[in-house]
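Descriptive structure summary
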Amino acid sequence: MKSSIATTALLVAFGAASGAAAQDTLPISGKTCDQLLEQYAGLPFTDILPLEAGPVTVDGSEEEIVVGFSQTGFNHPWRISMLEAAQAEACRHPNVSMIVLDGNVDVAKQNNDVRDLLARGVDAVLLSPVESAALIPASRAVMDQGIPLIVMDRDVPTDKTLFIGQSNVTMGEKVAQKMADDLDGSGNIVVITGLQGSSPAVDRDQGMKNVLENYPDIEVLAVGDGEWIREPAVPIMEDFLTAYEDIDAVFSHAEESSWGAQLAIARANRCEDGILHYTFDGSNAGFKSVRDGTFRADGNYTPFIGDIGMRAALYTLTGREIPGAEAYSQPGQQLALPDSPTVVAENAEEWIGRGWGDFEPPLDPCK
Amino acid sequence: MTETSSPPAAARAASTGDRSATLYRLLRQTGVLAALVLLIIVSSFLNDRFLSVPNLMNVLRQVSIVGILAVGMTFVILTKGIDLSVGSILGVSVVLFAGLLETQSMAVAIPLGILAAMALGLVNGLGVAFAGIPPFIMTLGMLSFARGLAFIYTGGTPIPILNENFYDLGNGYTFGVPNPTLILIATLLVSGVVLALTPFGRSVYSIGSNEDASRLSGVPVGLYKTIVYVISGGVAGIAGLVYASQLSVGTPIAGQAYELDAIAAVVVGGTSLFGGKGSVAGTFIGTLIIGVLANILNLTGVDPFVQQLFKGALIVVAVFIMARSSRA
C-alpha cells in the first residue's frame with residue numbers, strides 16, 4: 001500500500017477505496033480470506049468455543065447467515081485486530097458473512113449503527129461499545145427482536161446473550177503490582193492516562209489505585225492525559241521532568257504514550273535516571289520494547305476476542321449451549337476469559353508474535 | 001457581524017497604512033502581549049522552574065506544531081475564511097513521510113509530503129474561490145476526506161519511522177535552539193514578510209475587509225484566495241514534518257482536532273474571525289499564551305480534567321481583554 005511517490009500513493013488510496021468491493025478483500029482490514037485464515041492459526045483463543053470449519057447449519061438449512069459487527073471505531077489498530085479475528089472466523093464458514101459498521105468513537109453514532117444493523121435484517125449482532133451505559137437502548141432493541149447480542153471488550157449493563165472481555169481493573173492491578181514490587185514499595189511515580197473518561201482508562205486507573213492503597217510510600221506526583229497516543233505524552237512528560245527531579249517510574253495506560261514519555265526523558269537528558277516504564281496494550285511492538293528493556297511490564301490486553309464473539313453468535317444461532325457461560329454481576333451471562341499474563345522481561349520472547357500488530361517499536365532514544 | 005469597526009476602515013488602513021489604524025492594530029497586539037506577559041509573571045511565581053532555560057525551550061518546542069498550523073490559519077482567517085482541514089492534512093503528510101521514508105531518502109520524502117499537503121489545500125482553495133462553496137463547508141468536507149486518505153494509506157496501523165537522520169531533524173538543536181522551534185520561527189518570518197510587504201499580502205487583508213471592493217479595484221480575488229488555502233495546506237505539511245520527525249511514527253490519527261487549537265491561537269492572538277484584521281505576530285503570541293498555560297498547569301500538577309476548564313476560560317478571557325484594549 002505504501003507507494004514510492006506521494007501522488008501515486010494518493011491515487012492508490014482512491015483506487016483502494018473504490019476497488020475494495022471488486023476484489024475479495026474484506027472491509028476495513030483490507031485483507032482477503034486467505035490472509036485471514038493464515039492468521040487464524042496464530043490466534044490465542046481458538047480452543048474456546050471450538051467450531052469446525054465449513055458451513056453452519058441452522059434448522060437443517062445452510063442458508064446465508066449475516067452477522068452485524070458494530071465496532072467502537074477503527075481509529076486504533078487494536079480495534080482492527082479485533083475485527084480481523086472476527087472476519088477470520090467468518091471466513092471459515094462459507095455461508096457466514098458480516099456487515100461491519102464504524103462507530104467513530106461516538107455513542108450516538110453507534111446507537112444508530114446498531115439500529116441500522118437491525119434494519120438490515122442481521123441474524124446476530126456483535127457489539128463492542130464505545131461506552132457502557134450509553135449503549136443500553138441499542139442493546140435492548142437487539143434483545144427485543146430476539147436476535148443474539150454478543151458484547152465484547154466493554155460491557156453493557158443490560159440484558160445480553162453473552163459478554164466476553166478481559167478486566168482492565170485486574171490487568172491494571174497486575175501491572176501496578178509489578179511496579180510496586182520493582183520499587184520495593186516506595187518511590188515517586190507519574191501517571192499518563194488513556195483518554196480521560198474512557199472506560200479502559202478509568203478501569204486501569206482503578207486497578208492501579210487498588211494496589212497503591214497498600215503502598216503508602218509510593219507517591220503519585222502528577223497525572224496527565226496521554227489520550228492513548230504518543231504526541232500528548234511528550235509535552236506532559238517534559239513538564240513533569242521539569243517540575244520533579246526525582247521520578248522513579250511512569251505508569252502509562254498505553255504503549256504509545258510510554259514511547260512518547262521515553263522520548264521526553266531522552267530530550268531532557270534524564271536517561272541516566274533509569275526511570276521505569278509500566279504500560280498496557282499488548283502489541284508485538286510493546287513486547288519487543290519489554291524484551292529490549294525499555295518497558296518493565298506490558299499489560300497484555302488482547303484484541304483477539306473477535307473470533308470468540310463470532311463463534312458465540314454461531315453457537316447461539318445453532319442452538320448449542322455455550323460452555324463456560326455463567327451468570328455474573330450484570331444482566332445476562334458472561335464468558336470469563338483466562339487472564340493473559342503480564343508481559344515482563346522473563347516471558348517477553350515467548351509472547352512476541354502472539355500480540356497484535358505487525359509494526360516495529362520506535363528506536364529507544366535512550367539507547 | 002458585531003465587529004467594532006467597519007470593514008471599509010480596516011481596508012483603507014491596510015491599503016494606505018493610515019496612521020491611526022496602525023495605532024489601532026498596535027493596541028490590539030499590546031493587549032495580547034500584556035496577557036502573555038501577565039501569564040508569564042504569574043507562572044514564574046507559581047513554579048520556580050518555569051523560567052529556567054530548558055523549560056522555556058520545552059515550551060517553544062511544544063508549541064511548534066500548533067504554532068506552525070496557526071500561521072497558515074492566519075492567512076485564511078484574514079480573508080474571512082476558515083480552514084477546518086489542517087489537522088487532517090497534517091495527518092496525511094505525517095503518514096506519507098512515514099510511508100515514503102521506508103523506501104526513499106529524506107530528500108524525496110519531505111518535498112513529496114509537503115506537496116501532497118499543498119495539493120489538498122489547492123482543492124480547498126478551488127472549491128472556495130471558484131466553486132463558491134463556503135470555506136466552513138469545503139474544509140469540513142476536506143477534514144473528513146483527508147483523514148480517510150490517511151487511514152486508507154496506513155490501513156489504520158501506525159507506520160514506525162526508523163530513519164535516524166529524520167529523528168534528529170525533529171529532536172536536534174541548531175545554534176542551541178530546538179529544530180522545530182527554528183522551523184516555526186522561519187515560517188513566522190516568511191509569512192510576516194509576505195503579509196506585510198508584498199502586494200499579495202496586502203490584498204489578503206483587503207479581501208477579508210471587503211471582497212467586492214477588492215475585486216473592483218483589480219485584485220485577482222479568486223487566485224489569491226486559492227493561494228491562501230494552498231499556503232494553509234502547505235504549512236500543515238510543514239507542521240506534519242515536525243510532528244513525524246519528533247515522534248518517529250506515522251499514525252493516521254495525527255493532528256486530530258488540531259484545527260481547533262490553531263483557530264484558538266489565531267483568535268487569542270487578536271486576528272478577527274471577520275477578516276481583514278490581525279497579524280502572524282499576534283498569532284505567535286496567541287500560540288505562546290496557550291502553550292505557556294498548558295506548561296504551567298502541568299508543572300503545578302493540575303488535574304487534567306481541570307486543565308480543560310482553564311484552557312476554555314483563557315480563550316474567552318484573552319479575546320475579552322483584546323476587545324477592551326481595541327476600544328481604548
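How each quantity is defined
- Residues numbered from 1 in each chain as written.
- Chains lettered and ligands numbered in written order.
- Predicted model: local features only at pLDDT ≥ 70, side-chain atom pairs only at ≥ 80, totals over all residues.
- Heavy atoms only, no water.
- Helix = DSSP H or I, 4+ residues; strand = E, 2+ residues; numbered from the N terminus.
- Rg over C-alpha atoms; globule rule 2.2 N^0.38 Å.
- Buried < 20%, exposed > 50% of the residue type's maximum accessible area, 1.4 Å probe, protein only.
- Contact = heavy atoms within 4.5 Å.
- Areas by Shrake-Rupley, 256 points an atom, 1.4 Å probe, with all protein chains shown as cover.
- Lys, Arg positive; Asp, Glu negative; His and termini not counted.
- Charge placed at Lys NZ, Arg CZ, Asp CG, Glu CD.
- Disulfide = S-S within 2.5 Å.
- Pairing = 2+ DSSP bridges.
- Axes fitted to C-alpha atoms, helices over the stretch in contact; angles between N-to-C directions.
- Phe/Tyr/Trp six-rings, centres within 6.5 Å; stacked < 30°, edge-to-face > 60°.
- Salt bridge = Lys/Arg side-chain N within 4 Å of Asp/Glu carboxyl O.
- Patch = residues over 30% accessible without salt bridge, like charges linked within 9 Å, V, L, I, M, F, W, Y side chains within 5 Å.
- pLDDT = per-residue confidence, 0-100.
- Polar contact = N/O pair within 3.5 Å; in protein donor to acceptor, adjacent residues only side chain to side chain.
- Nonpolar A, V, L, I, M, F, W, Y, C, P; charged D, E, K, R; others polar.
- Expected span 1.5 Å × (residues − 1).
- Core = buried A, V, L, I, M, F, W, Y, C linked by side-chain atoms within 4.5 Å.
- Parallel < 35°, antiparallel > 145°, perpendicular 65-115°, else oblique.
- Left-handed = near helix turned anticlockwise from the far one by under 90°.
- Domains from an automatic or database assignment.
- Buried area = accessible area lost by both parts, 1.4 Å probe.

**Structural notes on the overall build of chain A**
For chain A, the helix and strand inventory stands at 12 helices and 13 strands. Whereas a compact globule of 367 residues would reach a radius of gyration of roughly 21 Å, chain A reaches 22 Å, a difference of no more than 12%. Taken along the three principal axes of its C-alpha coordinates, chain A extends 70 × 55 × 40 Å. Counting the 367 residues in chain A, one finds 58% classified as buried. In chain A, of all internal contacts separated by at least 6 residues, the share reaching a separation of at least 24 is 75%. Working note: accessible area of chain A is about 14,200 Å², and carbon and sulfur atoms make up 49% of it. Positive and negative side-chain charges in chain A, numbering 24 and 55 respectively, have mean positions lying 2 Å apart.

**Digging into the state of the cysteines**
Residue and element names in this part refer to chain A. All chains considered together, the criterion is met by 2 disulfides over all chains. At a sulfur-sulfur separation of 1.9 Å, the disulfide partner of Cys271 is Cys366. Between Cys271 and Cys366, the S-S dihedral sits near -80°, and the bridge is therefore left-handed. Taken as a pair, Cys271 in the loop between helix 9 (255-267) and strand 9 (276-280) and Cys366 in the segment after helix 12 (348-351) lie far apart in primary sequence, 95 residues in all. Take Cys271: its relative accessible area is 26%, and that puts it in the partly exposed class. Regarding the disulfides, chain A carries the connectivity 1-2, 3-4 under sequence-order numbering of its bonded cysteines.

**Some thoughts on the sheet that holds strand 4 (residues 149-152) of chain A**
All names here are of chain A. Pairing in this open sheet of 7 strands is mixed, and the strands run 2-1-3-4-5-12-11 from one edge to the other. Of all strands in the sheet, those bounded by a partner on one side alone are strand 2 (96-102) and strand 11 (325-327). Taken over all neighbouring pairs, the strand axes of this sheet differ in orientation by 25° on average, direction set aside. As judged from the 3 bridges shared by strand 5 (residues 162-165) and strand 12 (residues 333-336), these two strands associate in the parallel manner. Residue pairing across strands places Ile164 opposite Leu335, the latter belonging to strand 12. Contacting strand 1 (65-71), strand 2, strand 3 (124-128), strand 4, strand 5 and strand 12, helix 11 (residues 306-317) runs over the sheet at an angle of about 165° to strand 4.

**A few points about the packing of aromatic side chains**
Residue and element names in this part refer to chain B. Under the definition given, this model contains 9 aromatic pairs over all chains. Here Phe200 and Tyr224 contribute two aromatic rings whose centre-to-centre distance is 5.0 Å and whose plane-to-plane angle is 90°, an arrangement assigned as edge-to-face. Here Phe200 is found in helix 10 (residues 199-209), whereas its partner Tyr224 is found in helix 12 (residues 221-247), with 24 residues between them in sequence. A single burial state applies to Phe200 and to Tyr224, both of which are buried. Pairing Tyr243 with Tyr258 gives two aromatic rings, centres 6.4 Å apart and planes at 55°, and the pair type is tilted. With Tyr243 in helix 12 and Tyr258 in helix 13 (residues 258-268), this residue pair connects regions lying 15 residues apart in the sequence. Residues Tyr243 and Tyr258 agree in their burial class; the two are buried.

**A closer look at the pattern of salt bridges**
Residue and element names in this part refer to chain A. One pass over the structure, following the stated rule, counts 25 salt bridges over all chains. Asp153 serves as the salt-bridge partner of Arg79, at 2.9 Å between the closest nitrogen and oxygen. Here Arg79, found in helix 3 (residues 77-91), pairs with Asp153, found in the loop between strand 4 and strand 5; they are 74 residues apart in sequence, far enough to count as distant. Among the salt bridges present, the one from Glu89 reaches Arg311, with a minimum N-O distance of 2.7 Å. Here Glu89 is found in helix 3, whereas its partner Arg311 is found in helix 11, with 222 residues between them in sequence. For the pair shown, Glu89 and Arg311 are each scored as buried.

**Quick look at a nonpolar patch on the surface**
Side chains of Leu33(B), Val37(B), Ile41(B) and Phe45(B) sit close together on the surface and give an oily, nonpolar patch of about 400 Å² of accessible area. Take Val37(B): it is sitting in helix 2 (residues 19-46).

**As for the confidence of the model for chain A**
Low pLDDT marks stretches whose predicted atomic positions should not be read closely. Scored by pLDDT, chain A comes out at a mean of 91, with 94% of its residues at no less than 70. Here residues 1-23 of chain A is modelled with pLDDT under 50, and outside its nearest four sequence neighbours on either side it reaches 35 contacts, counting other chains as well.

**Points about the interface of chain A and chain B**
If you look at the interface, chain A gives 42 residues, while chain B gives 47 residues. There are 2 salt bridges connecting chain A and chain B. For Glu245(A), the salt bridge identified is with Arg49(B), shortest N-O distance 3.1 Å. Our enumeration of links across chain A and chain B arrives at 12 residue pairs in polar contact (both at pLDDT 80 or more). Counting residues per element, the ones that place at least two in the side of chain A that touches chain B are helix 1 (6-19), helix 3, strand 7 (218-225), helix 8 (230-243) and helix 9 of chain A. The class makeup of the residues in the side of chain A that touches chain B is 25 nonpolar, 7 polar and 10 charged.

**Digging into helix 9 (residues 179-197) of chain B**
Three or four residues apart is the spacing at which side chains of an α-helix point the same way, because the helix has 3.6 residues per turn. Between the first and last C-alpha of helix 9 of chain B there are 27 Å, a value that for 19 residues agrees with the 27 Å anticipated at 1.5 Å per step. Of all the positions in helix 9 of chain B, only Asn179(B), Pro180(B), Thr181(B), Leu184(B), Thr187(B), Leu188(B), Ser191(B) and Leu195(B) are classed as buried.

**Some details on the nonpolar core**
Met237(A), Ile247(A), Leu69(B), Leu90(B), Phe166(B), Tyr243(B) and Ile289(B) are the most contacted members of the largest nonpolar core, which totals 111 residues. Element by element, the count of residues in this core is highest for helix 12 of chain B, at 12 residues. When sequence neighbours within four positions are dropped, the list of residues in contact with Met237(A) reads Val190(A), Ile192(A), Ile247(A), Val250(A), Ala261(A), Ala264(A) and Ile265(A).

**Comments concerning helix 5 (residues 136-144) of chain A**
Residues and elements named next belong to chain A. Along helix 5, the positions that sit buried rather than exposed are Ile136, Ala138, Ser139, Ala141 and Val142. Looking at the buried side of helix 5, the elements it contacts are helix 4 (107-119), strand 3 and strand 4. At the exit of helix 5 stands Gly146, carrying a positive phi of roughly 70°.

**Observations regarding the packing of helix 6 (residues 168-182) of chain A against helix 7 (residues 199-212) of chain A**
All names here are of chain A. One way to put it is that helix 6 packs onto helix 7 with a least axis distance of 7 Å and a crossing angle of 45°. Between helix 6 and helix 7, the interaxial angle falls into the category oblique. Helix 7 is crossed by helix 6, and the crossing has right-handed handedness. Between helix 6 and helix 7, the residues in contact are Asn168, Val169, Gly172, Glu173, Ala176, Gln177, Met179 and Ala180 and Pro200, Asp203, Arg204, Gly207, Met208, Asn210, Val211 and Leu212, respectively. Counted by class, the contact of helix 6 with helix 7 contains 8 nonpolar, 5 polar and 3 charged residues.

**Some points on the sheet that holds strand 13 (residues 343-344) of chain A**
Two strands in a sheet stick together by hydrogen bonds in their backbones, pointing the same way (parallel) or opposite ways (antiparallel). Residue and element names in this part refer to chain A. With mixed pairing, the 6 strands of this open sheet are ordered in space as 7-6-8-9-10-13. Of all the strands in the sheet, the pair left with one neighbour each is strand 7 and strand 13. Both strand 6 (residues 187-193) and strand 7 contribute to a ladder of 7 bridges, which runs parallel. By the bridge assignment, Val191 is partnered in strand 7 with Val223. Packed onto the sheet, helix 10 (residues 284-291) meets strand 10 (297-299) and strand 13 and runs at close to 160° relative to strand 10.

**Overview of the domain arrangement of chain A**
All names here are of chain A. In terms of domains, chain A is made up of domain 1 (23-166 + 303-336) and domain 2 (168-301 + 343-351). Tallying the contact residues gives 6 residues for domain 1 and 7 residues for domain 2. Area buried by domain 1 at its contact with domain 2 is led by Trp78, Arg154 and Gln166, which between them contribute 62% of it. The interface formed by domain 1 and domain 2 holds 0 salt bridges in total. Between the two partners, domain 1 and domain 2, sit 2 residue pairs in polar contact (both at pLDDT 80 or more). Grouping the constituent residues of the side of domain 1 that touches domain 2 by class yields 3 nonpolar, 1 polar and 2 charged.

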